[in-house]
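Report on the structure
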Amino acid sequence: MNINFNKNNDGLIPAIIQDGKTKTVLMLGYMNEEAYKKTIDTKRVTFFSRSKQRLWTKGEESGNILVLKDIKVDCDNDTLLVKVEPLGPTCHKGTDTCWDEDNSQTYGFLSSLEHIISDRKHNSKSNESYVAALFEKGINKIAQKVGEEAVEVVIEAKDDNDNLFLNESADLLFHYLILLQAKGFKLEDIVSILKQRH
C-alpha cells in the first residue's frame, strides 16, 4: 500500500476502525508510520496517542484489544479503514462504540422488519395486526402460509411477469421471517449456518 504519512505536518493520518463482521464504525484514531507497522506486525491495532505523545496499542490497559482483520487506504492515500475483531467494548467509557451505539449484526431493512414482527407478536392484538393474528393461529398456520407463498413464487417464476414474481418473493420472505420467530430463531441464525457451509 502507498500511504501518504507526510500529508499532514505531524505525520499522522486518520484510522477509521470498523468491526469486520458487523460493519459498525467503532472509533477513530490516528496512526503514524510506526503505529501502522506495529499494527501490521502484531495484528493488534496500535495508534499514535496525541495526548500521551507515544505509541498506544488499544487495550494495553483495559484488555479490550482490537484484532486486525484487514486494512485499506483510501483513494487519496491519507486515511485508513481498519477492519477489526473487537475483544470487548471499544470506547474507554465501556460502550461498544465511541458514539454509544450497539455493535450488533444487522441486515438493514430486514433487521427492522424482524423488530416490527417481534413487536407485533408481543404487543398487538389479533384484530389490529395481521402478524399478531398469524401468531395467535399458531405454528401450523404460519408454516402453511410459508408453503403457500413458496408455491406462488414457483408459479410466478415460470411466467414472464417480473412484478408478480418479486411481490410473491417479498410475501415469501415476510412469512418466512414470521416462521423463524415462531420457532424461536432469527435471520442471524440462518446466516450463521450459511457462513459455516461457505
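Now for a description of the structure that goes with this document. (Residues numbered from 1 in each chain as written. Predicted model: local features only at pLDDT ≥ 70, side-chain atom pairs only at ≥ 80, totals over all residues. Heavy atoms only, no water.)

**Some words on helix H2 (residues 109–123)**
The criterion, for reference: For the purposes of this entry, the term helix denotes a DSSP run of H or I that reaches at least four residues, the term strand denotes a run of E that reaches at least two, and both are numbered from the N terminus. By definition here, a helix of n residues has an expected span of 1.5 Å times n minus one. Exposure categories follow from relative accessible area, calculated using a 1.4 Å probe and restricted to protein chains: below 20% of the type maximum is buried, above 50% is exposed, and the middle band is partly exposed. The directions considered for the arc run from the helix axis to the C-beta atoms.
Between its terminal C-alpha atoms H2 stretches 21 Å, which fits the 21 Å expected from 15 residues at 1.5 Å a residue. What H2 keeps buried is the set Ser111, Leu113, Glu114 and Ile117. The buried residues of H2 all sit within an arc of 160° when viewed along its axis, so they share a single face. In H2, the exposed residues that point more than 90 degrees away from the buried face are Phe109, His115 and Asn123.

**Points about helix H4 (residues 139–157)**
Short version of the rule: Residue contacts are counted whenever heavy atoms from the two residues lie within 4.5 Å of one another.
Along its 19 residues, H4 runs 27 Å from first to last C-alpha, staying within 8% of the 27 Å computed at 1.5 Å per residue. What H4 keeps buried is the set Ile142, Lys145, Val146, Glu149, Val153 and Glu156. Taken down its axis, H4 places every buried residue within 100° of arc, on the same side. Facing away from the buried side of H4 by more than 90 degrees, the exposed set consists of Asn140 and Val154. In this fold, the buried residues of H4 make contact with helix H3 (130–137) and helix H5 (162–182).

**Regarding the packing of aromatic side chains**
Counted only if it meets this: The rule is short: rings of Phe, Tyr and Trp, with Trp giving its six-membered ring, pair when the centres are within 6.5 Å, and they are stacked under 30 degrees, edge-to-face over 60, tilted in between.
Counting across every chain of the model gives 2 aromatic pairs. Between phenylalanine 5 and tyrosine 36, the ring centres sit 6.1 Å apart and the planes meet at 50°, which makes this aromatic pair tilted. Placement of the pair is phenylalanine 5 in the segment before strand E1 (13–19) and tyrosine 36 in helix H1 (residues 33–42), with a sequence separation of 31 residues. A residue is classified by how much of its surface remains accessible, and phenylalanine 5, at 8% relative accessible area, is buried.

**Here we look at the environment of leucine 80**
Position of leucine 80 among the secondary structure elements: in strand E6 (residues 80–86). Exposure remark for leucine 80: the relative accessible area of 1% places this residue in the buried category.

**Thoughts on the sheet that holds strand E5 (residues 66–73)**
Applied cut-off: The rule for pairing is simple: two strands pair if DSSP sees at least two bridges between them. Interaxial angles span 0 to 180 degrees and are taken between N-to-C directions of axes, which are lines fitted to C-alpha atoms, for helices over the stretch in contact.
Read across the open sheet, the 4 strands follow the order E2-E1-E6-E5; overall the sheet is mixed. Edge positions in the open sheet fall to strand E2 (25–31) and E5, since each of these has one partner strand only. Direction aside, neighbouring strands of the sheet carry axes that sit 30° apart on average. Inspection of the sheet shows E5 paired to E6 by 7 bridges, in the antiparallel sense. Looking across to E6, one finds that isoleucine 71 is bridged to valine 82.

**Notes on the packing of H2 against H3**
Working note: a packed helix pair is described by the angle between its axes plus the distance between those axes. Our working definition: Handedness of a helix crossing follows the sense of rotation of the near helix relative to the far helix, less than a right angle counterclockwise being left-handed and clockwise being right-handed. Note on residue classes: Ala, Val, Leu, Ile, Met, Phe, Trp, Tyr, Cys and Pro are nonpolar, Asp, Glu, Lys and Arg are charged, and everything else, Gly too, is polar.
Between H2 and H3, the least distance of the axes is 8 Å, while the angle of their chain directions is 65°. Crossing of H2 over H3 shows right-handed handedness. Counting all contacts with H2, which are made through Ile117, Arg120 and Lys121, the residues of H3 involved are Val131, Ala132 and Phe135. When the residues that make up the contact of H2 with H3 are grouped by side-chain class, the tally is 4 nonpolar, no polar and 2 charged.

**With respect to the side chain of threonine 39**
Within the secondary structure layout, threonine 39 lies in helix H1. Residues within four places of threonine 39 in sequence aside, it is in contact with Met31, Arg44, Val45, Thr46 and Leu68.

**Some remarks on the pattern of salt bridges**
Let me state the cut-off plainly: Salt bridge, as used here: a side-chain nitrogen of Lys or Arg that lies within 4 Å of a carboxyl oxygen of Asp or Glu.
Summed over the entire model, instances satisfying the criterion amount to 8 salt bridges. Its salt-bridge partner being lysine 37, residue glutamate 33 comes within 3.6 Å of it at the nearest N-O pair. A residue pair is termed a helical-turn pair when its members lie 3 or 4 positions apart in one helix, as glutamate 33 and lysine 37 do in helix H1 at 4 residues. On the accessibility criterion, lysine 37 (47% relative accessible area) is partly exposed. Two residues, arginine 54 and glutamate 60, come together in a salt bridge whose shortest N-O distance is 2.9 Å.

**Some details on the side chain of threonine 79**
This is how it is decided: Polar contacts here mean pairs of N or O atoms no more than 3.5 Å apart (in protein, one a potential hydrogen donor and the other a potential acceptor; neighbouring residues in sequence count only if both atoms are side-chain atoms).
Within the fold, threonine 79 resides in the loop between E5 and E6. For threonine 79, a relative accessible area of 18% translates into the label buried. A polar contact is formed between the side chain of threonine 79 and the side chain of aspartate 78, at a distance of 3.5 Å. The residues contacting threonine 79, other than those within four sequence positions of it, are Ile13, Pro14, Ile16, Lys72, Val73 and Asp74.

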